[in-house]
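Notes for the structure review
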Amino acid sequence: EKTDPVEFSVDGRTYLVPNTKLTIVCRIDLNDNSEDGEGGNIPMWIYTKTVGSTGAISLRNMRNDLIQNLEKKITNGKFEALNNR
């Protein structure tokens, strides 16, 4: 869903860039691949202790990738800088 453009600064210059709402759906694989379906080799407590930090790290990495992609587009001249205010 597109929303109003936002200001984004790179190297001290401000750009008006498109803004889009993004929904991220995550799946944690429980490693249940044994023949009899009894479960995988990873104990459940490890998943419950690490799922929050694993999810947060994944979202941070996705955010950083999106920002790097936007900075590349700005560097390549896709967006024009706004007048300094």
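As a starting point, this report considers the structure included with it. Values in this document were obtained by computation on a predicted structure and should not be read as measured data.

**Comments concerning the nonpolar core**
Side chains of a nonpolar character, in soluble globular proteins, are inclined to be buried together. Residues Phe8, Val10, Tyr15, Val17, Leu70, Ile74, Phe79 and Ala81 constitute the largest nonpolar core, which totals 8 residues. At the level of elements, strand 1 (2-10), strand 2 (13-20) and helix 1 (44-75) are the ones that each hand at least two residues to this core. If sequence neighbours within four positions are ignored, valine 17 has contacts with Pro5, Val6, Phe8, Leu70, Ile74 and Phe79.

**Some words on the environment of asparagine 19**
The residue asparagine 19 is located in strand 2 in this model. The sequence separation of asparagine 19 and lysine 2 amounts to 17 residues, and the corresponding C-alpha distance is 6.1 Å. Apart from residues lying up to four places away in sequence, asparagine 19 is in contact with Glu1, Lys2, Thr3, Asp4, Pro5 and Val6.

The rules behind the values
Residues numbered from 1 in each chain as written. Predicted model: local features only at pLDDT ≥ 70, side-chain atom pairs only at ≥ 80, totals over all residues. Heavy atoms only, no water. Core = buried A, V, L, I, M, F, W, Y, C linked by side-chain atoms within 4.5 Å. Buried < 20%, exposed > 50% of the residue type's maximum accessible area, 1.4 Å probe, protein only. Helix = DSSP H or I, 4+ residues; strand = E, 2+ residues; numbered from the N terminus. Contact = heavy atoms within 4.5 Å.

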